[in-house]
Amino acid sequence: MTNHTKVAQPGIATEIHWTENGQLRIARWRSEKGISPHKRVVVADEAMSADIAYRLACEGTALLWRGDFQNARQMLLAIGRRADEKSRKASKRGVSNANPDTPLTEAFHKHRLAQSQRARTLGMLLLPLSSDYVIPLRRAPDLRLACAEAYGPIENDPVAGESLVSMRELLGLIGAHEWRKKGVEVAALNDRIHPYYGVFAPVRCEYVGLVQEMPFPAGVSSLPLAFDIGTGTGVLAAVLARRGVSRVIATDMDARALACAEENMVRLNLTAQVQIAKADLFPEGRAPLIVCNPPWIPARPSSPIEAAIFDPDSHMLRGFIAGLTTHLEPGGEGWLILSDIAEHLGLRSRDVLLDHFARAGLVVIDRKDVRPSHPRVADASDPLHAARAAEVTSLWRLGVAKA
């Protein structure tokens with residue numbers, strides 16, 4: 001799918017320019033999604049109608065809100081309703097002209113394009129943010145803690161001063177703060193995991209349950225060592241430790257994920273068993289058990305935050321499979337947690353996956369399947385419903401083929 005969105009590196013200081021009251025203004029531009037600063041910015045408040053705001057946003061003009069914060073929320077909702085209505089009309093036209101033999105692959109790409117366009121439009125409503133993470137608008141909530149969790153402590157910010165940020169992103173920070181504060185209940189742990197902003201939350205409990213239920217290699221009740229590749233929140237490392245693995249080395253490359261996993265191990269009192277390490281896939285050495293839950297969909301993420309879901313050209317999946325033989329101890333197993341949603345979407349076939357195993361010198365020892373139970377499985381209005389309804393999540397037990 002072609003994506004023409006310009007992307008900047010998140011966390012890198014960039015500037016955004018606009019004219020206000022006849023004066024040129026400059027502020028820092030923040031975008032955790034990596035969107036470049038908007039070229040056209042106009043000042044907006046309650047005097048602007050939702051129709052005009054929506055039209056400007058669709059044309060690529062950002063709206064810097066100077067009115068009441070709660071009214072900005074209402075404006076964002078109004079823009080969203082207009083974007084959804086446009087999408088519904090386009091869908092109806094598509095249905096009337098649809099070919100029943102059109103593969104789900106095309107529906108997937110159209111769905112992602114529509115999502116990207118909607119996100120772009122809603123992202124055009126901007127809010128000011130002071131150097132101490134205060135929103136200088138009437139009735140604005142206190143987001144200082146949520147901003148500090150996402151952007152880092154103010155005292156560590158190398159660039160001070162006013163900044164502009166998408167209201168949609170700020171609202172996302174609120175949601176992430178609540179997730180982090182309350183945590184996600186994980187039945188396999190009988191405890192909670194607390195995800196950071198930008199770190200994939202373990203809300204799909206079925207894949208965690210697979211790791212909890214699968215017997216260890218060779219029927220042993222405990223293991224001296226295991227690797228958890230791409231640990232994220234650390235949930236699978238925690239499950240392995242609670243199952244009796246004496247030492248778990250959990251790796252990731254993302255700084256937020258590493259900090260998140262460290263904090264979760266402290267909360268769960270597992271720091272003596274679980275070591276968090278920065279590594280591109282595997283740590284040094286070998287282990288009798290290596291677990292990995294890579295991104296399930298081989299497509300390009302439209303923002304850095306989507307990297308836990310989309311894996312271009314199955315890069316992480318293929319890297320894990322290719323490296324297993326050199327990192328497994330003799331008789332050891334690699335546990336690959338993978339949904340078959342990509343197969344139903346026509347993005348990767350089962351034969352291709354099995355060929356990756358064979359080329360890496362691996363054999364399938366066993367496989368345990370489970371069907372997901374999230375609400376979208378039963379949502380017939382979802383354009384990808386057919387794929388979601390057929391989806392199965394599997395834990396593949398892989399071993400090194402005998403010479």
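Residues numbered from 1 in each chain as written. Predicted model: local features only at pLDDT ≥ 70, side-chain atom pairs only at ≥ 80, totals over all residues. Heavy atoms only, no water.

Comments concerning the overall build of the protein
Regarding its fold elements, the protein presents 12 helices and 15 strands. For the protein, whose C-alpha radius of gyration is 23 Å, the value lies close to the compact-globule estimate of 22 Å for 403 residues. Taken along its principal axes, the extent of the C-alpha atoms in the protein is 75 × 55 × 30 Å. For the protein, the residues scored as buried account for 47% of the 403 residues in total. Long-range pairs, those at least 24 residues apart, make up 69% of the contacts in the protein between residues at least 6 apart in sequence. (Helix = DSSP H or I, 4+ residues; strand = E, 2+ residues; numbered from the N terminus. Rg over C-alpha atoms; globule rule 2.2 N^0.38 Å. Buried < 20%, exposed > 50% of the residue type's maximum accessible area, 1.4 Å probe, protein only. Contact = heavy atoms within 4.5 Å.)

Remarks on the pattern of salt bridges
All told, the structure shown has 28 salt bridges when counted by the stated rule. The partner of R55 in a salt bridge is E59, and the shortest N-O contact between them spans 3.5 Å. A relative accessible area of 42% places R55 in the partly exposed class. One salt bridge in this structure joins E333 and R397, with 2.6 Å as the shortest N-O distance. With E333 in strand β13 (residues 328–339) and R397 in strand β15 (residues 393–400), this pair connects stretches of sequence that are 64 residues apart. Across the pair, R397 and E333 agree in class, each one buried. One continuous salt-bridge network, built from bridges that share partners, spans E20, R25, R66 and E162. (Salt bridge = Lys/Arg side-chain N within 4 Å of Asp/Glu carboxyl O.)

Side note on helix α11 (residues 350–359)
When α11 is considered as a whole, its buried residues turn out to be L353, H356 and F357. Relative to the axis of α11, the buried residues are bounded by an arc of 100 degrees and lie together on one face. Exposed residues lying more than 90 degrees from the buried face of α11 are D351, A358 and R359. Summarising the contacts, the buried residues of α11 are in contact with α9 (315–327), β13, α10 (341–344), β14 (362–370) and β15. Count one or two residues on from α11 and you reach G361, which has phi positive near 75 degrees. (Arc of directions from axis to C-beta.)

So, the side chain of D68
Counting through the fold element by element, D68 comes out in the loop between β4 (61–65) and α2 (69–96). Sequence-distant contacts of D68, that is, excluding residues within four places in its chain, are made with E46, R138 and R139.

Digging into unusual backbone geometry
It is generally the case that most residues other than glycine have a negative phi and that most peptide bonds are trans. Residue R139 is not a glycine yet carries a positive backbone phi of 55 degrees. As for its placement among the helices and strands, R139 is situated in the loop between β5 (125–129) and α4 (144–151). With a phi close to 55 degrees, D313 is a non-glycine residue in the positive phi region. Among the secondary structure elements, D313 is positioned in the loop between β12 (287–292) and α9.

A closer look at the confidence of the model for the protein
Overall, the predicted model of the protein reaches an average pLDDT of 89, with 91% of residues at or above 70. Every residue in residues 1–12 is under pLDDT 50, and counting partners more than four places away or in other chains gives 22 contacts. Scored below 50 in pLDDT, residues 95–101 makes zero contacts in the model with residues more than four places away or belonging to other chains. (pLDDT = per-residue confidence, 0-100.)

Some words on the sheet that holds strand β6 (residues 163–166)
Here six strands make up an open sheet; going across it, the order is β1-β2-β6-β5-β4-β3 and the pairing mixed. Looking at the sheet topology across the chains shown, the edges are occupied by β1 (14–20) and β3 (40–44). Here the strands of the sheet are splayed against their neighbours by 40 degrees on average, with no regard to which way each runs. Pairing geometry for β4 and β5, over two bridges, is parallel. Note that in β5 the partner of L63 across the bridge is L125. The sheet strands contacting helix α5 (residues 167–182) are β2 (23–30), β5 and β6, and the helix crosses β6 at an angle near 80 degrees. (Pairing = 2+ DSSP bridges. Axes fitted to C-alpha atoms, helices over the stretch in contact; angles between N-to-C directions.)

Here's the deal with the environment of E15
Checked against the element boundaries, E15 lands in strand β1. The sequence separation of E15 and I341 amounts to 326 residues, and the corresponding C-alpha distance is 40 Å.

Some details on the environment of E213
One can find E213 in helix α6 (residues 205–213). The sequence separation of E213 and Y197 amounts to 16 residues, and the corresponding C-alpha distance is 29 Å. Here E213 is in contact with R243 and K368, once residues within four sequence places are set aside.

With respect to the nonpolar core
Membership of the largest hydrophobic core comes to 66 residues, with the highest contact counts inside it found for I229, L240, V274, I290 and F320. Among the elements that make up this core, the one with the highest residue count is helix α7 (residues 235–242) (seven residues). In contact with L240, not counting residues within four places along its chain, are V211, F216, A226, V245, V248, L289 and V291. L127, Y133, I135 and Y151 belong to the second largest nonpolar core, which has 33 residues in total. (Core = buried A, V, L, I, M, F, W, Y, C linked by side-chain atoms within 4.5 Å.)

A look at the sheet that holds strand β10 (residues 248–252)
Spatially, β11-β10-β9-β12-β13-β15-β14 is the arrangement adopted by the seven strands of the open sheet, whose pairing is mixed. Looking at strand neighbours, the two that pair on one side only are β11 (274–278) and β14, the edges of this open sheet. Averaged over all pairs of adjacent strands, the angle between strand axes in this sheet comes to 20 degrees, irrespective of strand direction. Packed on one face of the sheet, α6 meets β13, β14 and β15 and runs near 40 degrees to β15. Contacting β13, β14 and β15, α11 crosses the sheet at an angle of about 25 degrees to β15.

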